[in-house]
Amino acid sequence: LKDIIDDLLFMASLERQDISLNLDVRPITKALEESIRIMEPLAEQKSITINKDFQGKYFAEFDYNKMKQVFINIIGNAVKYSDEGGEIFIKVSADKDTIYFEISDQGMGISPQDLPYIFDRLYRVDRARSRERGGSGLGLHIVQQIVHLHNGQVSMDSELEKGSTVHISIPRVYEV
């Protein structure tokens, strides 16, 4: 309940455009690594393996806690909607201007008719299933808003019974 209230308060701040970012240039992979550490116990409860495919430091100008919230939400969804013993794959790559994140699961997936709406506020793919697993329909909307505040993009590919992949891109900066 506390998480839902926090999400609603955050959304209200976004709508009032009363949100401030604590921007700093640092390696964004540190926020991702901390998010993985936070989510690993939840994954271990379901015997889910988190596979990481990234090396080095990719620098971005970002709000550490807000981006950590993005990664925790996406990894949390991957764990929540995956079956026991599944795997999650997290890949980070970059080109000259952009850092790319891919977070994939082997979970239940999302139908093609639901996919265009998953980032909409309060949208839940299967209301009965979401309630059973604790979904509120707020998380992915907040993810999208935070990523957009960082001049980034977020999207998802999914296939029923095969899983989903969330794609995030964030502008890259170089260490000063």
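Above this text sits the structure in question.
Remember, predicted model here, so these are calculated numbers, not experimental data.

Some points on the packing of helix α3 (residues 64-80) against helix α5 (residues 139-149)
Phase 1: Across the interface, α3 lies against α5 with an axial gap of 9 Å and an inter-helix angle of 145 degrees. Judged by the twist between their axes, the crossing of α3 over α5 is left-handed. Taken together, the residues of α5 that come into contact with α3 (itself represented by Lys-66, Met-67, Gln-69, Val-70, Asn-73, Ile-74 and Asn-77) are Gly-139, Leu-140, Ile-142, Val-143, Ile-146 and Val-147.
Phase 2: Its residues placed into classes, the contact of α3 with α5 shows 8 nonpolar, 4 polar and 1 charged.

Structural notes on the sheet that holds strand β2 (residues 49-53)
Phase 1: One open sheet accounts for 5 strands, arranged β2-β4-β5-β7-β6; its pairing is mixed. Looking at strand neighbours, the two that pair on one side only are β2 and β6 (153-159), the edges of this open sheet. When the angles between neighbouring strand axes are averaged without regard to direction, this sheet yields 15 degrees.
Phase 2: Note: β2 against strand β4 (residues 87-94), 5 bridges, orientation parallel. Across the sheet, the residue bridging to Thr-49 is Glu-87, located in β4.
Phase 3: Set on the sheet, α5 makes contact with β6 and β7 (163-171); between it and β6 the angle comes to about 145 degrees.

Let's talk about the packing of aromatic side chains
Between two aromatic rings, the relevant description is the distance of the centres plus the angle of the planes.
Phase 1: On inspection of all chains with the given rule, the structure shows 2 aromatic pairs.
Phase 2: Between Phe-71 and Phe-101, the aromatic rings sit 5.1 Å apart at their centres with planes inclined by 50 degrees, giving tilted as the arrangement. Taken together, the residues Phe-71 in helix α3 and Phe-101 in strand β5 (residues 98-105) connect sequence positions 30 residues apart. Exposure class is identical for Phe-71 and Phe-101. Each is buried.

Here's the deal with helix α2 (residues 28-45)
Since there are 3.6 residues in each turn of an α-helix, residues three or four apart along the chain are aligned in direction.
Phase 1: In a regular helix each residue adds 1.5 Å, so 18 residues correspond to 26 Å; α2 covers 27 Å between its end C-alpha atoms and thus fits that length.
Phase 2: A bend of about 40 degrees at Met-39 is the largest found in α2, and the proline Pro-41 appears one to four places after it.
Phase 3: For α2, the full list of buried residues reads Ile-28, Thr-29, Ala-31, Leu-32, Ser-35, Ile-36, Met-39 and Ala-43.
Phase 4: One or two steps after α2, the chain reaches Ser-47, where phi turns positive at roughly 55 degrees.

Here's the deal with the nonpolar core
Phase 1: Residues Ile-28, Phe-71 and Ile-168 are the most contacted members of the largest nonpolar core, which totals 40 residues.
Phase 2: Among the elements of the structure, α2, β3 (59-63), α3, β4, β5, α5, β6 and β7 are those that each provide at least two residues to this core.
Phase 3: Element by element, the count of residues in this core is highest for α3, at 8 residues.
Phase 4: With near-sequence residues (within four places) excluded, Ile-28 lies in contact with Tyr-58, Ala-60, Phe-62, Met-67, Phe-71, Ile-99, Phe-101 and Ile-170.

Procedures and definitions
- Residues numbered from 1 in each chain as written.
- Predicted model: local features only at pLDDT ≥ 70, side-chain atom pairs only at ≥ 80, totals over all residues.
- Heavy atoms only, no water.
- Axes fitted to C-alpha atoms, helices over the stretch in contact; angles between N-to-C directions.
- Helix = DSSP H or I, 4+ residues; strand = E, 2+ residues; numbered from the N terminus.
- Left-handed = near helix turned anticlockwise from the far one by under 90°.
- Contact = heavy atoms within 4.5 Å.
- Nonpolar A, V, L, I, M, F, W, Y, C, P; charged D, E, K, R; others polar.
- Pairing = 2+ DSSP bridges.
- Phe/Tyr/Trp six-rings, centres within 6.5 Å; stacked < 30°, edge-to-face > 60°.
- Buried < 20%, exposed > 50% of the residue type's maximum accessible area, 1.4 Å probe, protein only.
- Expected span 1.5 Å × (residues − 1).
- Bend = angle between axes of the 7 residues up to and from the residue.
- Core = buried A, V, L, I, M, F, W, Y, C linked by side-chain atoms within 4.5 Å.

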